[in-house]
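Report on the structure
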Protein chains: 2
Amino acid sequence: MSERDAVLFANEAFYRAFADRDARAVDALWSTNVPVTCIHPGWGPIQDREEIVASWAAILADENAPDIQCNDAEAQIYGDVAVVICFETFDDGRLIATNIFCREGPVWKMIHHQAGPTSAAPDPHADETGGMLH
Amino acid sequence: MSERDAVLFANEAFYRAFADRDARAVDALWSTNVPVTCIHPGWGPIQDREEIVASWAAILADENAPDIQCNDAEAQIYGDVAVVICFETFDDGRLIATNIFCREGPVWKMIHHQAGPTSAAPDPHADETGGMLH
């Protein structure tokens, strides 16, 4: 698996955990070794790991939380840090996200997430995972 | 100057260039060595450096573009990559931004920007630059 594929795999795992409403899996994807930060759409910054994990658990426990699909994920790797941009598509619209990962041994752990509204749309010719393991 | 101060200095230089409507200064702040990406509020991703610089030039040339102040900037450093979170405050409201920088010799160059709406507010007890050179 290439470095880029490994990063996109970690990004996909995040949205898989979201689809599965698996707060424990989300927790496991966030780094425990370095400072982490998170900006949910419309929220302020969360800069405490426990608060981040709790916020995701609350979102996933909300019956009204939409099912989200990740589209058009693109990864850029800068040494031991990777930046992924992707769309988060759901029934009523979509968001655009920046997800940052840090290399920890063989895996990439999430260290930052920001999602916000976008008027753009994913490429209809891309596959569902945004060209994930090409 | 500490590493963190150098990162916050680069972040502040970005908002200074914005305040000065100095598209050339914005251009100079973005890395020319590695891939760069930008997500303006509500836009799709821009993944081409020339398009990013042109988008900033267009924003700065717009007489209706608001004056923006950076507040509560917080930097996390991961080796040669730094992630800054800050508020972008203007007359009618505010945005929250993720700015990512990459170390290039003695300076930090911008490699990613995403800004989106937030219902949170900067800390009224912080100074105007978000505690920049403490």
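Coordinates for the structure precede this section.
Counting of residues starts from 1 at the beginning of each chain's written sequence and follows it residue by residue. Labels are handed out in written order, letters beginning with A for the chains and numbers beginning with 1 for the ligands. Confidence filtering applies because this is a predicted model: local features only for residues at pLDDT of at least 70, side-chain atom pairs given and counted only at 80 or more, and all residues used for totals across whole chains, interfaces and linings. No hydrogens and no water enter the side-chain calculation; it runs on all heavy atoms of the structure.

**Concerning the interface of chain B and chain A**
- We call two residues in contact when some of their heavy atoms are within 4.5 Å. With 30 residues of chain B at the interface, the matching set in chain A holds 30 residues.
- Values labelled buried area give the accessible surface lost by two parts on being combined, using a 1.4 Å probe and summing over both. Together, Tyr 78, Ile 85 and Gln 114 of chain B form the three largest contributors to the area buried by chain B at its contact with chain A, with a combined 24%.
- The definition of a polar contact used here is a pair of N or O atoms within 3.5 Å, where within protein one atom must be able to donate a hydrogen and the other to accept one, and adjacent residues in sequence count solely through side-chain atom pairs. For the interface between chain B and chain A, the tally reads 13 residue pairs in polar contact (both at pLDDT 80 or more).
- Counting only elements with at least two residues in the side of chain B that touches chain A, the list comes to β1 (37-39), β2 (69-78), β3 (81-90), β4 (93-104) and β5 (107-117) of chain B.
- No other element matches β5 of chain B, which puts six residues into the side of chain B that touches chain A.
- Grouping the constituent residues of the side of chain B that touches chain A by class yields 18 nonpolar, eleven polar and one charged. A run of DSSP states H or I qualifies as a helix once it reaches four residues; a run of E qualifies as a strand once it reaches two. Both are numbered from the N-terminal end. Each residue gets one label: Ala, Val, Leu, Ile, Met, Phe, Trp, Tyr, Cys and Pro are nonpolar, Asp, Glu, Lys and Arg are charged, and the others, such as Gly, are polar.

**So, the pattern of salt bridges**
Residue and element names in this part refer to chain A.
- Any carboxyl oxygen of Asp or Glu within 4 Å of a side-chain nitrogen of Lys or Arg constitutes a salt bridge here. A full pass over the atoms with the stated rule returns eight salt bridges over all chains.
- A salt bridge links Glu 3 to Arg 103; the shortest N-O distance between them is 2.6 Å. Highlighted residues: Glu 3 in helix α1 (residues 3-19) and Arg 103 in strand β4 (residues 93-104), separated in sequence by 100 residues.
- In this structure Glu 3 comes out as partly exposed when scored by relative accessible area, which is 38%.
- Between Asp 67 and Arg 21 there is a salt bridge whose closest N-O contact spans 2.9 Å. Think of it in three bands: residues with accessible area under 20% of the maximum for their type are buried, residues over 50% are exposed, and the middle band is partly exposed, with areas taken using a 1.4 Å probe on protein chains only.

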